[in-house]
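As a plain string of letters, each chain reads:
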Amino acid sequence: MSNVFYMPPVTLMGPNAIQSLGAELASKELKKALIVTDGVLVEVGLVSKLTDELKAHNLDFVIYDGVQPNPTEKNIEDGLALLAQSNADFVISFGGGSSHDTAKGIALVAANGGHIRDYSKGVHLSKKPQLPLVTVNTTAGTASEMTVFAIITNQEDETKYPVVDKHFTPIIAVNDSELMVAMPKFLTATTGMDALTHAVEAYVSTAATPITDASAIKAIELIVNNLEAVVNNGQDREARDAMQYGEYLAGMAFSNASLGYVHSMAHQLGGVYDLSHGLCNAILLAEVSRFNAKQVPERFVDIAKAMGIDTAAMTQEQAVNAALEAIDALSEKVGTKQRLTDLGVTEDKLAFMAQNALNDACSLTNPRQASLEEIVNIFKARM
């Protein structure tokens, strides 16, 4: 069986990497960018790091700053309208996963037509490459700056769905750890746990390969060794830099091996309750892993080792339990170990969310297939 591996052809990594972006763009004969971001990043002046770089290389731009934390179909439609009005010929996302996912939707639909929902009924459905997309990342979590995934919310029916398309791959991704230094503590924690979830789910995925395995295991090492430090001290440049590499490696893993029930369930919590995606993943990760470990215990032994646990004198069962306990312990240390009931989740929505989770594309590669009742019980265990 053959496999395909997708990632950006160019990624600029490390402190002040954004200062190399203008020269890269100038060589591509691009003229005007639609910058896709959120109002907070504009207000605090962080977007000026990008606009100053564009100005220095005589590149024109217009800003769409209406992105919401759980990006909606309307965000994409509004961005498309501004794109057409401004005659921009390429798109730059600036921010975290919400900005990147919105920009992907805009760029894909602009080139292929239709509605973003049209591209969610399978994988790799677009016929043509999207408009040139550049992603400038400001969080160490979603890895949306380099993946073939976008997660979109349909507000009309309270669903959140993934779009998986090879044409989402940007022409340039930028991971500048200096842009992440001012990231708030809780956002640092939730995005970091999101990245850990990507690595764990990719490692146990039925579509895993040696390349995705290597990326996932190294990502787990980097995230576990640096997340608590960077949550406690956002100015820790060394930990910030390590986290950006960890989240990128996790992105390399899941963009090509896909994910599992943690994400398919978290998508529903986001769609119904508008909750933080990273927080939902953090809450669900150990419980879904407990379910999956019955199918692939050896994979969780490897995860335990990557988390720094000495498994030499342990049985397989002990090593698996140690990994699950370590996941929950890290979540507690960084402040993301919460109960769903405390976030307003009610039991009357569980069956609805469980059914939508089973229909989510991320469920296809979960290593152990579940019934509706089993998904409901996983939700209940974290209530």
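Parameters at a glance
- Residues numbered from 1 in each chain as written.
- Predicted model: local features only at pLDDT ≥ 70, side-chain atom pairs only at ≥ 80, totals over all residues.
- Heavy atoms only, no water.
- Disulfide = S-S within 2.5 Å.
- Buried < 20%, exposed > 50% of the residue type's maximum accessible area, 1.4 Å probe, protein only.
- UniProt positions renumbered as here; feature names shortened; annotations may be inferred.
- Helix = DSSP H or I, 4+ residues; strand = E, 2+ residues; numbered from the N terminus.
- Patch = residues over 30% accessible without salt bridge, like charges linked within 9 Å, V, L, I, M, F, W, Y side chains within 5 Å.
- Areas by Shrake-Rupley, 256 points an atom, 1.4 Å probe, with all protein chains shown as cover.
- Salt bridge = Lys/Arg side-chain N within 4 Å of Asp/Glu carboxyl O.
- Polar contact = N/O pair within 3.5 Å; in protein donor to acceptor, adjacent residues only side chain to side chain.
- Phe/Tyr/Trp six-rings, centres within 6.5 Å; stacked < 30°, edge-to-face > 60°.
- Lys NZ or Arg CZ within 6 Å of the ring centre and 35° of its normal.
- Axes fitted to C-alpha atoms, helices over the stretch in contact; angles between N-to-C directions.
- Left-handed = near helix turned anticlockwise from the far one by under 90°.
- Contact = heavy atoms within 4.5 Å.
- Nonpolar A, V, L, I, M, F, W, Y, C, P; charged D, E, K, R; others polar.

1. Focus on the state of the cysteines
Now for step 1: For the structure shown, the criterion picks out zero disulfides.
Now for step 2: The cysteine C280 is free of any disulfide, with C362 supplying the nearest cysteine sulfur at 14 Å.
Now for step 3: On the accessibility criterion, C362 (0% relative accessible area) is buried.

2. With respect to the UniProt feature "domain: Alcohol dehydrogenase iron-type/glycerol dehydrogenase GldA" (unreviewed entry) in the chain
Now for step 1: Taking the UniProt record as the reference, the feature "domain: Alcohol dehydrogenase iron-type/glycerol dehydrogenase GldA" (unreviewed entry) is found at residues 8-176.
Now for step 2: Between the C-alpha atoms that bound residues 8-176 there is a distance of 16 Å. The span itself is 30% helix and 24% strand.

3. Overview of a nonpolar patch on the surface
Now for step 1: Taken together, the side chains of F5, M7 and I211 present a nonpolar region at the surface, about 240 Å² in accessible area.
Now for step 2: Mapped onto the elements of the fold, I211 is located in helix α7 (residues 210-232).

4. Brief notes about the environment of S276
Now for step 1: Structurally, the position occupied by S276 is in the loop between α9 (261-273) and α10 (277-293).
Now for step 2: Assessed through its relative accessible area of 31%, S276 is described here as partly exposed.
Now for step 3: Sequence separation between S276 and T190 is 86 residues, and the spatial gap between their C-alpha atoms is 7.8 Å.
Now for step 4: In this structure the side chain of S276 is engaged in a polar contact, spanning 3.2 Å, whose partner is the backbone nitrogen of L279.

5. Focus on the packing of aromatic side chains
Now for step 1: The final tally for this structure, using the stated rule, is two aromatic pairs.
Now for step 2: Taking the centre distance of 6.3 Å and the plane angle of 50 degrees together, the rings of Y261 and F291 count as tilted. Residue Y261 is found in helix α9, and its partner F291 is found in helix α10; the two are separated by 30 residues along the sequence. We note that Y261, like F291, is buried.
Now for step 3: When the ring centre of Y203 is taken as reference, the NZ or CZ atom of R299 above it lies at 4.1 Å.
Now for step 4: The ring of F291 has R368 lying over it, and the distance from NZ or CZ to the ring centre is 3.9 Å.

6. Description of the packing of α7 against helix α8 (residues 237-257)
Now for step 1: Put simply, α7 and α8 touch, their axes get as near as 7 Å, and they point 150 degrees apart. Like other packed secondary-structure pairs, α7 and α8 cross with a definite hand, here left-handed. On α8, the residues that touch T212, S215, A216, K218, A219, L222, I223, N226, L227, A229 and V230 of α7 are A239, R240, A242, M243, Y245, G246, L249, A250, M252, A253, N256 and A257.
Now for step 2: Of the residues contributing to the contact of α7 with α8, the split by class is 16 nonpolar, five polar and two charged.

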